[in-house]
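These are the residues of each chain, in order.
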Amino acid sequence: VLTSATFTFSANERHATFECRLEGQNWSSCTSPQTYTGLGIGAQRFYVQATGLEDNTDPTPAIYEWAVTPPPVVATVFCGQVLTRSTIVLNDLQNCGWDGLVVGADNITIDLGGNHIDGTGLGGGVRNDGFDNVTIRNGTLKEFDYGVMLNQGTERNIVENLVLETNQEAAVGLGNPYPPPFGISP
């Protein structure tokens with residue numbers, strides 16, 4: 001769990017000064033890079049504004065939003081399980097009949113803990129049907145249609161340190177590979 005954040009910023013004017021703040025706090029002078037530590041769990045928002053030599057302060061400060069998530073749970077998982085919080089996987093999965101694991105919440109990390117998730121040629125090793133800011137890492141996903149399936153509506157996902165092998169369609173799929181049946185629309 002990252003409870004610190006560092007921000008770098010600049011202005012078009014050479015001698016501009018800056019003020020920074022986190023949501024709910026007062027503006028204070030700052031320089032780039034600006035680091036905050038000891039951040040609490042939950043949504044966070046950082047603001048920075050520049051003031052030029054003629055005391056003209058930018059009326060629209062730059063804003064960056066993110067979330068500090070709770071520490072991951074360490075868990076034994078099963079094929080098709082929907083994960084709704086950050087998880088470190090303790091076990092391999094063999095011959096999953098459809099999906100290996102399914103993302104069930106925004107702002108979570110699925111750390112496979114170096115384990116293997118193996119399918120039967122269908123579904124996704126890890127499937128995300130619309131959740132944002134999800135990290136999937138540290139393991140092997142093999143013998144699915146897609147090693148990782150990031151369906152429509154997902155944003156800012158990270159896929160890192162994975163071995164993706166013998167997946168039939170793609171290692172990482174983007175979009176919806178399973179359209180509704182003919183004549184039916186969402």
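Just above, that's the structure.
Here we summarise the structure given alongside this text. What you see is a predicted model; the values in this text were computed from it and never measured.

**Description of the state of the cysteines**
In step 1: Summed over all chains, the structure comprises 2 disulfides.
In step 2: At a sulfur-sulfur separation of 2.1 Å, the disulfide partner of C79 is C96. Disulfide C79-C96: the torsion about the S-S bond is -70°, which places it as left-handed. One end of the pair, C79, is in the loop between β7 (73–75) and β8 (81–83); the other, C96, is in strand β10 (residues 93–96), and 17 residues separate them in sequence.

**What to know about the packing of aromatic side chains**
In step 1: Inspection of the entire model under this criterion finds 9 aromatic pairs.
In step 2: Centroid distance F7 to F46: 3.9 Å. Interplanar angle 5°. Geometry classified as stacked. Within this pair, whereas F7 is found in strand β1 (residues 5–7), its partner F46 is found in strand β5 (residues 42–51), the two being separated by 39 residues in sequence.
In step 3: Seen in terms of ring centroids, Y36 and F46 are 5.9 Å apart; in terms of plane orientation they differ by 65°. Their pairing is edge-to-face. In this pair, Y36 is assigned in strand β4 (residues 34–36) and F46 in strand β5, connecting sequence segments 10 residues apart.

**Considerations on the pattern of salt bridges**
In step 1: A complete count under the given rule lists 7 salt bridges for this structure.
In step 2: Across the pair R137 and D111 runs a salt bridge, and its minimum N-O distance is 3.5 Å. On the criterion of sequence distance, the pair formed by R137 in strand β15 (residues 135–142) and D111 in strand β12 (residues 109–111) is long-range, its members being 26 residues apart.
In step 3: Assessed through its relative accessible area of 27%, R137 is described here as partly exposed.
In step 4: Since its relative accessible area comes to 13%, D111 is described here as buried.
In step 5: R127 is the salt-bridge partner of D129, the closest N and O atoms lying 3.0 Å from each other.
In step 6: With a relative accessible area of 39%, D129 lands in the partly exposed category.
In step 7: Via salt bridges that share partners, E23, R45 and E65 belong to a single interconnected network.

**Structural notes on the sheet that holds strand β2 (residues 17–22)**
Strands belonging to one sheet form pairs held by backbone hydrogen bonds; the direction of such a pair is parallel or antiparallel.
In step 1: What the 4 strands build is an open sheet, ordered β3-β2-β5-β6; its pairing is antiparallel. For this open sheet the edge positions go to β3 (28–30) and β6 (62–68), each flanked by a neighbour on one side alone. In this sheet, neighbouring strand axes are inclined to one another by 30° on average, regardless of whether the strands run parallel or antiparallel.

**Remarks on the nonpolar core**
In step 1: Within the largest apolar cluster, 20 residues are counted, with the highest numbers of intra-cluster contacts made by L101, I110, L112, I117, V126 and L141.
In step 2: Elements with a minimum of two residues in this core: β10, β11 (101–103), β15 and β16 (146–150).
In step 3: Counting 15 residues, the second-largest nonpolar core is a separate cluster that includes A5, C20, Y36 and V68.

**Let's talk about the layout of surface pockets**
In step 1: Space inside the largest pocket adds up to approximately 880 Å³.
In step 2: Along the walls of the largest pocket sit 30 residues, with L2, A67, T69, T109 and T135 positioned nearest its centre.
In step 3: For the lining of the largest pocket, the secondary-structure elements that each account for two or more residues are β1, β5, β6, β9 (87–89), β12, β15 and β17 (158–165).
In step 4: Partitioning the lining of the largest pocket into residue classes produces 15 nonpolar, 10 polar and 5 charged.
In step 5: Its volume calculated, the second largest pocket comes out at about 180 Å³.
In step 6: Lining the second largest pocket are 16 residues, with S10, A11, F18, A50 and D58 positioned closest to its centre.
In step 7: Looking at the lining of the second largest pocket residue by residue, the class counts come to 6 nonpolar, 8 polar and 2 charged.

What counts and how
Residues numbered from 1 in each chain as written. Predicted model: local features only at pLDDT ≥ 70, side-chain atom pairs only at ≥ 80, totals over all residues. Heavy atoms only, no water. Disulfide = S-S within 2.5 Å. Helix = DSSP H or I, 4+ residues; strand = E, 2+ residues; numbered from the N terminus. Phe/Tyr/Trp six-rings, centres within 6.5 Å; stacked < 30°, edge-to-face > 60°. Salt bridge = Lys/Arg side-chain N within 4 Å of Asp/Glu carboxyl O. Buried < 20%, exposed > 50% of the residue type's maximum accessible area, 1.4 Å probe, protein only. Pairing = 2+ DSSP bridges. Axes fitted to C-alpha atoms, helices over the stretch in contact; angles between N-to-C directions. Core = buried A, V, L, I, M, F, W, Y, C linked by side-chain atoms within 4.5 Å. 1 Å grid on protein atoms, 1.4 Å probe; cavity = no way out; pocket = protein on both sides within 12 Å on 5 of 7 lines; lining within 4 Å. Points joined across faces, edges and corners; volume = space filled by probe spheres on them. Nonpolar A, V, L, I, M, F, W, Y, C, P; charged D, E, K, R; others polar.

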